There are 2 protein chains.
Amino acid sequence: MTKIKNMEEFAALSGISRPTVSKYFHDPDSVRPTTRARIEEALERFDYRPNIYAVNQNRKLTKNIGIVVPYLADPFFAEIARYLEQSCIAAGYRPSLFSSHGEQKLENDILDGLQSMKPAGVLLAPLGRTSDQSVIERFCANVPTVLFDSNLEGLGAAFIGSDNFSFVSQTVEYMTRTGEPPSFFEMRTPANPNANKRRKAYIEVMERLGFEPHIIRVDGKGWAFEEIGHKGALKVLAENELRTNSVLCSNDRLAIGFLAACYEQGIRVGRRDDCALRLASNDDHPFAKFTCPSLTTAAHDYDNVAGRSVETLFELIESGGKFETRSETLFPARLVLRDSA
Amino acid sequence: MTKIKNMEEFAALSGISRPTVSKYFHDPDSVRPTTRARIEEALERFDYRPNIYAVNQNRKLTKNIGIVVPYLADPFFAEIARYLEQSCIAAGYRPSLFSSHGEQKLENDILDGLQSMKPAGVLLAPLGRTSDQSVIERFCANVPTVLFDSNLEGLGAAFIGSDNFSFVSQTVEYMTRTGEPPSFFEMRTPANPNANKRRKAYIEVMERLGFEPHIIRVDGKGWAFEEIGHKGALKVLAENELRTNSVLCSNDRLAIGFLAACYEQGIRVGRRDDCALRLASNDDHPFAKFTCPSLTTAAHDYDNVAGRSVETLFELIESGGKFETRSETLFPARLVLRDSA
DNA sequence: ATGAAAACTTTACGCGCGTTAATTTTTGGA
DNA sequence: TCCAAAAATTAACGCGCGTAAAGTTTTCAT
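Computed from a predicted structure; not experimentally measured.

Our next topic: the domain arrangement of chain A. Size of an interface: often given as the accessible area lost when the parts come together. Residue and element names in this part refer to chain A. Domain annotation for chain A reports domain 1 (7-50), domain 2 (64-161 + 303-331) and domain 3 (164-299). Look at where the C-alpha atoms of domain 2 and domain 3 centre, and you get two points 29 Å apart. Each partner contributes residues to the interface: domain 2 has 16 residues there, and domain 3 has 12 residues. For the pair domain 2 and domain 3, the two sides together bury roughly 1,200 Å², of which 55% comes from carbon and sulfur. Contact with domain 3 buries surface across domain 2, with Tyr71, Pro75 and Arg129 losing the most and accounting together for 35% of the total. At the junction of domain 2 and domain 3, the tally comes to 1 salt bridge. A salt bridge links Asp74 to Arg253; the shortest N-O distance between them is 3.3 Å. The interface formed by domain 2 and domain 3 holds 7 residue pairs in polar contact (both at pLDDT 80 or more) in total. If you tally residues by element for the side of domain 2 that touches domain 3, the top one is helix α5 (residues 75-90), at 4 residues. When the residues that make up the side of domain 2 that touches domain 3 are grouped by side-chain class, the tally is 7 nonpolar, 5 polar and 4 charged.

Shown next as structure tokens:
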């Protein structure tokens, strides 16, 4: 089979002029059906495709879309990224996936590199508290960006995420209705802004129900939540810090660590009579089904969050990169009852 | 601050000619220290960077490196990818991360798209059995590729992975030495070629030790290993298929499912006297530390596998994309004793 | 068949940078 | 101080494609 060097050559072989071929690659429907057929016929025979670098150089806007998540080793983000990737491909874009790996410098570097890719748009789940606001602000000023998962006030053209209040209110209400009111278990200085909203929601719901909020904060930095939850839980259990037999974890990965600690200490967790503790959590992490016991948790509406995020980005791109007003869309949680509470 | 449009403009502002500036960006050491200083000074003031598309168009070889893993939602691959990414960046390359998400079509599409990126090299962890060999072969013929994790006979310029025999021999020997010989628990048709090598190693080691191998194969397709392990274990436990109180799982994710099933059935797993079953596994998955009980497993030499992979790719790139002979490098496992066996 | 609109062809320039060749300037050792 | 080597400058072309302008052919309703 002949090796095609460039569009000129391919155009000659297909018997169509280069500008028309160029037009075809832009939008196959923009040429006459007969010429389209001839081009596609040649395409089958010769396996040519336009040089992406030459194409992108000459377009003001590329078909690239950046997807940035804070921590890809967390299967939650891996799943979301998967969905976003597929949606972008389906819409004819070329997604590029990046993980900040929990580090501000990396997040900055990624955004920096992303700018020189002239992307049509970016889906950004920022680190949160540890993000460099000024860097993100500058980035969003230059690149059409939709924030998801973690909201940074006023940054990006829109935000799509989960309604943290809905998460916590459902778990707290369920636990109090079927047992004792829970203590709230979290990291002392959570990186993710969702954590702060969950704490506030916990306090509000508890007070509304007439209970005294009881928050347990454990030490630890970074994104090794299981480890932090594990260590923290061992301490909590040793010092008997629980006021009731009921615990609500800020997120599932902390809960996984907590459950491991309980298991080691021989403390049975669950809602059955022979259990000493009930534990619920938030997120519905992909592994939550396989913890011991399986984890009762408030599930993100993955599909809607991811789906709406790409939809919003596409709208943003079609609107020329700017919205009149910044919108925030929150999807409620769905309570998933399993064995731990 | 002035917006710089192109290298011409930047060169003028820095008082250096464009070809010299171009040379600088290729290799800062290739210009005289004084001119380098002048360029870098201007660089501070004006924040210019070369247009990557124009650069890549005019270089035969880009500075791009593709990293392809079969399933990014598996934290094992996420961690490896993280390491590979960082190493590439440190060496001055631009890594792009892709996940095949367990699907052949996607793997093919990724390789397809990768080709038009003219990457300097690619680090590929193929799907394995479900890979389209011919597609990968064609790809490797065009792009300098180092395979890792899953070996495909003869494909790629080199392979770096783990020594599956070392994994299984250590776990089997440990279990027999401290208790009963294990049954081997695996998927009926594993996608990953490592699984087959592990089975063979199990048989060989068992026979050498004078025990009869006993393999339990469970149904299930795809990459939802926890689910498959869970269902399979429930069946195995219900039908009492175990011959001894000892099980070796082909990999940790299956083991996670197995442990969940045991927990549900009230079967205590561990090496203590009050336990009914001992369970060991392979991989040292990032979550293996937090299972209930924590998982005794043979750990990949993550650092060496990842480190050697990038090293090998860099050598390959410097050798012009071809090695005289294809090499296979296997790193032995390290037995990690935890509570499950 | 006719004529205007639609689609295509030809021609040519531009994008930003790599790269080469010929020329000029700078450097550093004798 | 001088001179050869090293480095920088100037000038110019090429990469593969987007795109615009002007001219030609095809299409389709009348």
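Read on for the rest.
Taking 1.5 Å of rise per residue, the 12 residues of helix α6 (residues 104-115) of chain A would be expected to cover 16 Å, and the 17 Å separating its terminal C-alpha atoms lies within 8% of that figure. For α6(A), every residue scored as buried is listed here: A:Leu106, A:Glu107, A:Asn108, A:Ile110, A:Leu111, A:Gly113 and A:Leu114. The elements touched by buried residues of α6(A) are β1 (64-69), β2 (94-99), β3 (121-124) and α7 (133-142) of chain A together with α5 (75-90) and β2 (94-99) of chain B.

Turning our eyes to something else, we now look at the interface of chain B and chain A. Tallying the contact residues gives 44 residues for chain B and 44 residues for chain A. Taken over both partners, the interface formed by chain B and chain A buries close to 4,200 Å², and the fraction arising from carbon and sulfur atoms is 57%. The three residues of chain B that bury the most area against chain A are B:Tyr53, B:Tyr263 and B:Phe290, which together make up 20% of that side's buried surface. Where chain B meets chain A, there are 4 salt bridges. We note a salt bridge from B:Asp112 to A:Arg49, for which the minimum N-O separation is 2.8 Å. Applying the counting criterion to the chain B and chain A interface returns 10 residue pairs in polar contact (both at pLDDT 80 or more). At the level of elements, α4 (52-58), α5, β2, α6 (104-115), α10 (225-238) and α11 (252-264) of chain B are the ones that each hand at least two residues to the side of chain B that touches chain A. The element best represented in the side of chain B that touches chain A is α5(B), accounting for 6 residues. Class assignment for the residues of the side of chain B that touches chain A results in 20 nonpolar, 12 polar and 12 charged.

A few words now on the pattern of salt bridges. Side chains that differ in sign of charge can pair as their charged atoms come close. Applying the stated criterion to the full structure yields 45 salt bridges over all chains. We note a salt bridge from A:Asp219 to A:Arg188, for which the minimum N-O separation is 2.7 Å. In this pair, A:Asp219 sits in the loop between β7 (215-218) and α10 (225-238) while A:Arg188 sits in the loop between β6 (183-187) and α9 (193-208), placing the two residues 31 residues apart along the sequence. By relative accessible area, A:Asp219 is classed as exposed at 54%. In this structure A:Arg188 comes out as partly exposed when scored by relative accessible area, which is 41%. A salt bridge links B:Glu227 to A:Lys289; the shortest N-O distance between them is 2.8 Å.

Here is what the cut-offs are and how they apply
Residues numbered from 1 in each chain as written. Chains lettered and ligands numbered in written order. Predicted model: local features only at pLDDT ≥ 70, side-chain atom pairs only at ≥ 80, totals over all residues. Heavy atoms only, no water. Domains from an automatic or database assignment. Contact = heavy atoms within 4.5 Å. Buried area = accessible area lost by both parts, 1.4 Å probe. Salt bridge = Lys/Arg side-chain N within 4 Å of Asp/Glu carboxyl O. Polar contact = N/O pair within 3.5 Å; in protein donor to acceptor, adjacent residues only side chain to side chain. Helix = DSSP H or I, 4+ residues; strand = E, 2+ residues; numbered from the N terminus. Nonpolar A, V, L, I, M, F, W, Y, C, P; charged D, E, K, R; others polar. Expected span 1.5 Å × (residues − 1). Buried < 20%, exposed > 50% of the residue type's maximum accessible area, 1.4 Å probe, protein only.

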